[in-house]
Amino acid sequence: AQKVTQAQTEISVVEKEDVTLDCVYETRDTTYYLFWYKQPPSGELVFLIRRNSFDEQNEISGRYSWNFQKSTSSFNFTITASQVVDSAVYFCALTLVGADKLIFGTGTRLQVFP
Amino acid sequence: DTAVSQTPKYLVTQMGNDKSIKCEQNLGHDTMYWYKQDSKKFLKIMFSYNNKELIINETVPNRFSPKSPDKAHLNLHINSLELGDSAVYFCASSQGRVHRPQHFGDGTRLSIL
């Protein structure tokens, strides 16, 4: 069975701090995709990134970076120099090719204080 | 232009009533989904449709009936509403299979009195 664990329920930081959100996944399949979604206080879900299991290159997009490590089954998300607008619930998700559904973690609520 | 739009945004109703939530996407996607997000923010797939055909029904009570009149629309009808149905319901769409990024609507907050 597949599972996604986001052990950090809530993280609070002060603006400009760096913060890492952890995501650990479980699957026996060798071909899968991992995602991060952001849910700001306004409630919508925003796609951030997708990674396939064959691509372990880290990715950077502005202040956001993602570290995918198959050896530890982790797909962690780092925000550098956090800002108040980064305050949101962040979800990690997993899908298998052909499975037709996303399995979400329970989310990590990030609060960035000024 | 909104890519995935759901109506209504808020729905307050009494136990036992029947209600519908509509979803439309203008992205040209062929796959649409309904998710339920509970009060603890846990997101779970309910249904998935590809080209108007049901491909996932994730052990949802049969009081919930999705309908896809065409691939741009996926509506959700709920009969005999119960207190436990209170949640935020999200519609989403993607092109092709689920490993493509999904675009979500803004959600419909359903409150049962």
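Definitions and limits used
- Residues numbered from 1 in each chain as written.
- Chains lettered and ligands numbered in written order.
- Predicted model: local features only at pLDDT ≥ 70, side-chain atom pairs only at ≥ 80, totals over all residues.
- Heavy atoms only, no water.
- Helix = DSSP H or I, 4+ residues; strand = E, 2+ residues; numbered from the N terminus.
- Rg over C-alpha atoms; globule rule 2.2 N^0.38 Å.
- Buried < 20%, exposed > 50% of the residue type's maximum accessible area, 1.4 Å probe, protein only.
- Areas by Shrake-Rupley, 256 points an atom, 1.4 Å probe, with all protein chains shown as cover.
- Lys, Arg positive; Asp, Glu negative; His and termini not counted.
- Charge placed at Lys NZ, Arg CZ, Asp CG, Glu CD.
- Phe/Tyr/Trp six-rings, centres within 6.5 Å; stacked < 30°, edge-to-face > 60°.

Moving on, we come to the overall build of chain A. For chain A, the helix and strand inventory stands at zero helices and 12 strands. Its C-alpha radius of gyration of 14 Å places chain A within 12% of the 13 Å reference for a compact globule of 114 residues. The principal-axis extents of the C-alpha atoms in chain A amount to approximately 45 × 25 × 20 Å. The 114 residues of chain A split such that 46% are buried. Summed over all atoms, the accessible surface of chain A reaches about 5500 Å², with 48% contributed by carbon and sulfur. Taking the average location of the 10 positive side-chain charges in chain A and that of its 13 negative ones, the two points are 4 Å from each other.

Before going further, it helps to spend a moment on the environment of G98(A). Residue and element names in this part refer to chain A. Following the sequence through the fold, G98 ends up in the loop between β10 (88-96) and β11 (103-104). Residue classification places G98 among the partly exposed residues on the basis of a relative accessible area of 42%. C-alpha separation for the pair G98 and Y32, spaced 66 residues apart in sequence, amounts to 9.4 Å.

We now examine the packing of aromatic side chains. Inspection of the entire model under this criterion finds 20 aromatic pairs over all chains. Ring geometry for Y25(A) versus Y32(A): centroids 5.1 Å apart, planes at 50°, classification tilted. Classification of Y25(A) by relative accessible area gives buried; the value is 3%. Measuring from centroid to centroid gives 6.2 Å for Y33(B) and Y35(B), while their planes differ by 35°, and the two rings are tilted.

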